[in-house]
Amino acid sequence: MRMYDIIYKKRIGEALTKQEIDFAIGGFVGGDVPDYQMSALAMAICFKGMTYEETLYLTDAMMRSGDVVNLDRFNGLCVDKHSTGGVGDKTTLIVAPIVACLGARVAKMSGRGLGHTGGTVDKLESLTGYRTSLSSNEFLSQVEKIGIAVTGQSGNLVPADKKLYALRDVTATVDSIPLIASSIMSKKLASGAHSIVLDVKCGSGAFMKNEDDATELASAMVELGRGFGRNVRALITDMSVPLGAFVGNSLEVYEAIQVLSGKGESALTELCVALSSNMISMALDIDIDEATRQVNEAISSGLALSKFKEWIDAQGGDTSKIDDPVLLLGAKHKLEYKATGDGYISEIDAEGVGVASMLLGAGRAKKDDEIDFLAGIELRARYGDYVKKGDTLAILYASDSALFDSACARLDFAFKLSNKLPKQKSLIKKII
Ligand code: URA
């Protein structure tokens with residue numbers, strides 16, 4: 001078999017066989033297929049697409065390129081959630097303890113943030129002492145004991161994706177549905193959960209800018225997961241405005257505690273209840289109405305918040321800030337960002353708010369940048385609100401007041417005012 005022939009076959013739009021896909025991925029990971037040939041194949045896939053079978057073979061080859069976690073000891077109760085990324089998305093911090101306190105198991109590996117989107121691991125590390133690398137024994141025994149463990153990506157999980165994504169990132173081959181779907185699903189499948197809920201974002205702050213593309217990606221991932229015998233559901237959700245009112249690491253932990261205490265912002269709470277309900281409906285095999293009732297009860301009874309504390313404590317994090325969450329809003333400098341005119345807020349561009357928060361120190365422009373856990377943005381005004389000149393739209397948090405100017409300049413583009421009430425947006429657009 002020759003890589004040249006495989007590239008040519010895809011270039012003329014023919015479907016590749018399982019053997020050809022195994023040859024390409026195995027050779028690439030093993031170093032026999034050079035980057036330039038793999039890039040050419042990725043580009044051919046971008047232009048010609050892949051059938052369902054090809055995408056399944058690709059996902060399988062990538063999943064098997066490294067370790068595959070076996071969670072069978074948890075008798076089908078392990079449930080995972082994946083978000084395609086967004087601004088202010090702290091849902092893992094909220095849904096994981098909710099579903100764990102209801103009897104499902106969460107054995108989750110999460111990532112760090114890059115650019116305008118944040119990572120769950122960074123948020124958790126804002127609770128001093130939280131250990132994001134656990135040995136595999138520690139990880140599994142914590143799941144056994146308290147039903148939940150969340151670590152950074154460790155071990156040798158899907159090395160094919162790490163290597164391929166690095167190439168795609170610099171060869172303009174990221175935005176292809178079969179490549180994105182196989183990349184995400186190979187990692188989810190290798191992580192071992194029996195049931196998976198996908199939160200596929202669409203809008204300015206997301207990969208998929210419109211609902212049709214998000215639906216196509218979500219359907220491809222749901223079909224793939226089911227092809228591997230897992231329970232999978234996907235929610236298509238709006239990411240044209242930031243999720244919730246806080247963006248930035250410790251600020252988002254603060255907001256997660258608010259939701260778990262039953263005092264959360266309504267859109268964020270609605271999404272977390274929907275995600276958790278779908279997760280436990282699959283993990284516990286109960287209908288969605290009963291699942292939703294149990295989720296609301298877990299929040300109002302305080303059980304979910306107690307589970308959050310138990311989880312952070314088990315992983316060595318400082319729980320004093322959970323008891324006194326305002327400590328999480330303790331940045332040295334704060335600045336009120338004010339409206340420069342009157343009108344309805346017709347846009348709070350998610351990407352713009354994410355970049356402004358990054359400029360305050362909350363995110364990384366490059367992979368190795370240090371982040372400032374206390375930096376970020378609190379939105380005081382919401383999409384559709386009527387504001388007057390001088391009203392506070394947001395509070396900026398930073399350790400260095402010199403960072404405020406560039407962040408404010410970015411926010412000037414993110415907020416738009418209109419003299420007409422803007423159209424209402426639905427947060428959850430579809431469930432697949
Ligand atoms: N996220 C991933 O993990 N992979 C992609 O290809 C795109 C987004």
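Located above this text is the structure these notes cover.
Residues numbered from 1 in each chain as written. Predicted model: local features only at pLDDT ≥ 70, side-chain atom pairs only at ≥ 80, totals over all residues. Heavy atoms only, no water.

Quick word on the pattern of salt bridges
So, point 1. Within the structure shown, the criterion is met by 26 salt bridges.
So, point 2. For Arg2, the salt bridge goes to Asp5, with nearest N and O atoms at 3.0 Å.
So, point 3. We classify Asp5 as partly exposed; its relative accessible area is 37%.
So, point 4. Note that Glu144 is salt-bridged to Arg73, the shortest N-O span being 3.6 Å. Note that Glu144 is positioned in helix H7 (residues 136-146) and Arg73 in the loop between helix H4 (52-63) and strand S1 (79-83), a separation of 71 residues in sequence.
So, point 5. When salt bridges that share partners are traced, they join Lys18, Asp22, Asp60 and Arg64 into one network. (Salt bridge = Lys/Arg side-chain N within 4 Å of Asp/Glu carboxyl O. Buried < 20%, exposed > 50% of the residue type's maximum accessible area, 1.4 Å probe, protein only. Helix = DSSP H or I, 4+ residues; strand = E, 2+ residues; numbered from the N terminus.)

Observations concerning the site of the ligand
So, point 1. The immediate surroundings of the ligand are formed by Tyr165, Arg168, Ile180, Ser183, Ile184, Lys187 and Phe207.
So, point 2. With respect to the ligand, the side chain of Ser183 contributes an N or O atom lying 2.6 Å from a nitrogen atom.
So, point 3. Measuring from an oxygen atom of the ligand, one finds a side-chain N or O atom of Lys187 at 2.5 Å.
So, point 4. Protein coverage of the free-state accessible area of the ligand, which is 240 Å², stands at 86%.
So, point 5. Among the secondary structure elements, those contributing two or more residues to the shell around the ligand are helix H8 (159-170) and helix H9 (177-190).
So, point 6. Taken together, the residues of the shell around the ligand sort by class into 4 nonpolar, 1 polar and 2 charged. (Near = heavy atom within 4 Å. Polar contact = N/O pair within 3.5 Å; in protein donor to acceptor, adjacent residues only side chain to side chain. Areas by Shrake-Rupley, 256 points an atom, 1.4 Å probe, with all protein chains shown as cover. Nonpolar A, V, L, I, M, F, W, Y, C, P; charged D, E, K, R; others polar.)

With respect to the layout of surface pockets
So, point 1. Here the second largest pocket defines a volume of roughly 410 Å³.
So, point 2. Around the second largest pocket, the lining comprises 20 residues; the ones closest to its centre are Val241, Ala267, Tyr383, Lys425 and Leu427.
So, point 3. Counting residues per element, the lining of the second largest pocket draws most heavily on helix H12 (residues 266-283), which supplies 3 residues.
So, point 4. Partitioning the lining of the second largest pocket into residue classes produces 9 nonpolar, 5 polar and 6 charged. (1 Å grid on protein atoms, 1.4 Å probe; cavity = no way out; pocket = protein on both sides within 12 Å on 5 of 7 lines; lining within 4 Å. Points joined across faces, edges and corners; volume = space filled by probe spheres on them.)

Some thoughts on the packing of aromatic side chains
So, point 1. All chains considered together, the criterion is met by 5 aromatic pairs.
So, point 2. Their ring planes at 75° and their centres at 5.0 Å tell us that Tyr344 and Tyr386 sit as a pair that is edge-to-face. With Tyr344 in strand S8 (residues 343-348) and Tyr386 in strand S10 (residues 386-387), this pair connects stretches of sequence that are 42 residues apart.
So, point 3. On the accessibility criterion, Tyr344 (25% relative accessible area) is partly exposed.
So, point 4. Aromatic rings pair up to connect Tyr130, Phe308 and Trp311 into one cluster.
So, point 5. Of note, Lys163 hangs over the ring of Phe28, and the distance from its end group to the ring centre comes to 4.5 Å. (Phe/Tyr/Trp six-rings, centres within 6.5 Å; stacked < 30°, edge-to-face > 60°. Lys NZ or Arg CZ within 6 Å of the ring centre and 35° of its normal.)

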